[in-house]
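# Observations on chain architecture
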Amino acid sequence: MDRLFLDANVLFSAAYQSGAGLLQLWKLKNAVLCSSRYALEEARINLEHEDQRVRLIKLTGVVHLFEATQGILPKGISLPEKDAPILLAAIEAHATHLLTGDIRHFGPYFGKKIEGIAIVLPGEYLRARC
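Definitions and limits used
- Residues numbered from 1 in each chain as written.
- Predicted model: local features only at pLDDT ≥ 70, side-chain atom pairs only at ≥ 80, totals over all residues.
- Heavy atoms only, no water.
- Salt bridge = Lys/Arg side-chain N within 4 Å of Asp/Glu carboxyl O.
- Helix = DSSP H or I, 4+ residues; strand = E, 2+ residues; numbered from the N terminus.
- Buried < 20%, exposed > 50% of the residue type's maximum accessible area, 1.4 Å probe, protein only.
- Axes fitted to C-alpha atoms, helices over the stretch in contact; angles between N-to-C directions.
- Parallel < 35°, antiparallel > 145°, perpendicular 65-115°, else oblique.
- Left-handed = near helix turned anticlockwise from the far one by under 90°.
- Contact = heavy atoms within 4.5 Å.
- Nonpolar A, V, L, I, M, F, W, Y, C, P; charged D, E, K, R; others polar.
- Pairing = 2+ DSSP bridges.
- Right-handed = clockwise from strand over helix to strand, strands pointing away.

### Some points on the pattern of salt bridges
One pass over the full model with this rule turns up five salt bridges. With its nearest N and O atoms 3.5 Å apart, the salt bridge here joins Arg37 to Glu67. Of the two residues, Arg37 sits in helix H2 (residues 37-46) while Glu67 sits in the loop between strand S3 (64-65) and helix H4 (84-92), which places them 30 residues apart along the sequence. Glu67 sits in the partly exposed class, given a relative accessible area of 29%.

The structure is reproduced here in structure tokens:
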């Protein structure tokens, strides 16, 4: 069973419009969705409309939330201060995958594993599953 950690931009994109393609993640069998309050809050503050925020709340009702308990990134990993809690929470969640659209900061790690977590674009993950 895959444990998918959803970055803030994935939560944002899923809640942005009612027919978002990323909603497929919520329909997957044999997958547990995880995220953090940190990611949830980042997505929430970037959504402009109340209906989007309501969708976000509904979506996260089935998402298991984890927080970064340690503050030190794994050796050889370099991320901006705002992105470190995402990876650290994914490690805490024992995620198998970190789904993120943040190419700028996580891009160097796409297709690689960090602490056993595959860093993947959400669309790529969905294409591989379907």
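### Observations regarding the packing of H2 against helix H3 (residues 50-60)
Remark: H2 packs on H3, axes separated minimally by 9 Å, with the N-to-C direction vectors making an angle of 160°. Here H3 runs roughly antiparallel to H2, going by the angle between their axes. Crossing handedness for the pair H2 and H3: right-handed. Mapping the contact onto sequence places Leu40, Ala43, Arg44 and Ile45 in H2 and Arg53, Leu56 and Thr60 in H3. Taken together, the residues of the contact of H2 with H3 break down into four nonpolar, one polar and two charged.

### Some words on the pairing of strand S1 (residues 2-6)
As paired elements, S1 and strand S2 (residues 31-35) share four bridges and run parallel to each other. In the strand pairing of S2, Phe5 is matched with Cys34. Viewed along the sheet, the connection from S1 through helix H1 (residues 8-16) into S2 turns out right-handed. The pairing of S1 with strand S4 (residues 97-99) spans three bridges and is parallel. By the bridge assignment, Leu6 is partnered in S4 with Leu99.

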